[in-house]
Amino acid sequence: MYPVYLIMTTGRTGSDYLQACLDNVKGVMTFCGKFEYHNFFFQNKELSNKNILEKFIEKNKKIFSYDEFECIDTQIDTEKFKDLFLKMNSEKIKSSKDFIINLYKAYHLTLGRDLESVKALVHHSHGYDNTIKCLKDFPNAKLLITIRDPRANLKSGLDNWFRYDPSRRNIEHVYLYMKRIKHDLVESQKLKNDKLFIRLENMGDTKTKKDICNFIGVDYSTEIERATINSIVWRGDVLSQN
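The following paragraphs examine the structure supplied in this document. Keep in mind that this is a model prediction, so the values were computed, not measured.

Considering the sheet that holds strand β2 (residues 28–29)
Stage number 1. Spatial strand order, β2-β5-β1-β6-β7: five strands in an open sheet with parallel pairing. Where the open sheet ends on each side, the last strands, each with one partner, are β2 and β7 (195–199).
Stage number 2. One ladder, built from five bridges, connects strand β1 (residues 4–8) with strand β5 (residues 120–126); its direction is parallel. Across the sheet, Val-4 pairs through a bridge with Leu-121, a residue of β5.
Stage number 3. Strand contacts of helix α5 (residues 96–110): β2 and β5, with the helix running at about 115° to β5, the strand carrying the most contacts.
Stage number 4. In this fold helix α6 (residues 128–137) packs onto β1, β5 and β6 (142–147), with an angle of close to 140° to the strand it touches most, β5.

Written out as structure tokens, the structure is:
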């Protein structure tokens with residue numbers, strides 16, 4: 001079993017960037033994009049391995065092809081992914097934990113990477129609520145929590161969303177974003193799991209990158225200095241202005 005690390009955001013704090021920086025780091029097994037798996041598995045656990053996998057791919061097609069919002073084109077061979085997943089699961093998968101682990105292993109092999117060098121599984125759980133669900137499967141998981149000056153965080157969350165989607169220019173969105181910034185950070189501090197808080201303002205520094213590698217338990221590699229998705233340079237989502 002691989003040690004599990006969860007990437008959690010607290011607003012517009014660079015969690016996608018962090019995940020992209022870990023894409024090519026030796027010893028790290030990650031996924032190109034974020035997704036929810038816990039509820040999905042329990043809603044579909046009676047399906048055969050083949051059917052639940054096909055439904056998962058259909059539901060999360062953006063992480064297997066082109067995601068217009070995230071500006072990601074993973075160029076994944078889904079047939080190869082399905083074949084690898086089904087070969088390593090001859091018996092019916094009975095738990096969400098086994099489901100997610102085998103998704104990662106099949107994805108890692110699909111990318112042409114080996115499993116022998118894996119030292120850590122890094123899952124982008126993203127929001128606080130989804131992180132709590134993941135901790136049901138991995139109670140000892142360590143947390144990589146991205147943070148940011150709350151003023152810049154709120155400005156980015158409002159200005160960029162208003163520009164992209166004018167329908168969000170309402171008090172509900174403002175309230176939800178303010179709540180997310182404060183609530184998720186406060187609640188994350190209450191969790192007993194080992195945590196590394198990573199400031200977006202410092203995320204580009206080599207020292208911070210080395211601290212991240214040390215926390216995950218892998219050797220520092222210059223690969224962490226580049227943000228990539230399936231080895232393709234990632235320049236940010238549509239909300240990012242630069």
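Let us keep going from here.
A few points about the packing of helix α7 (residues 150–164) against helix α8 (residues 171–190)
Stage number 1. Where α7 meets α8, the closest approach of the two axes is 10 Å, and the angle between their N-to-C directions is 145°. Handedness of the α7/α8 crossing: right-handed. The residues of α8 that touch α7, namely those facing Pro-150, Asn-153, Leu-154, Gly-157, Leu-158, Trp-161 and Phe-162, are His-173, Val-174, Tyr-177, Met-178 and Ile-181.

Examining unusual backbone geometry
With the exception of glycine, most residues fall at negative phi, and the peptide bonds are largely trans.
Stage number 1. Positive phi values are uncommon outside glycine, yet His-126 reaches one of about 70°.
Stage number 2. When its relative accessible area of 21% is taken as the criterion, His-126 is described as partly exposed.
Stage number 3. For Asn-230, which is not glycine, the phi dihedral falls at a positive 50°.
Stage number 4. Structurally, the position occupied by Asn-230 is in the loop between β8 (228–229) and β9 (232–233).

Analysis parameters
Residues numbered from 1 in each chain as written. Predicted model: local features only at pLDDT ≥ 70, side-chain atom pairs only at ≥ 80, totals over all residues. Heavy atoms only, no water. Pairing = 2+ DSSP bridges. Helix = DSSP H or I, 4+ residues; strand = E, 2+ residues; numbered from the N terminus. Contact = heavy atoms within 4.5 Å. Axes fitted to C-alpha atoms, helices over the stretch in contact; angles between N-to-C directions. Left-handed = near helix turned anticlockwise from the far one by under 90°. Buried < 20%, exposed > 50% of the residue type's maximum accessible area, 1.4 Å probe, protein only.

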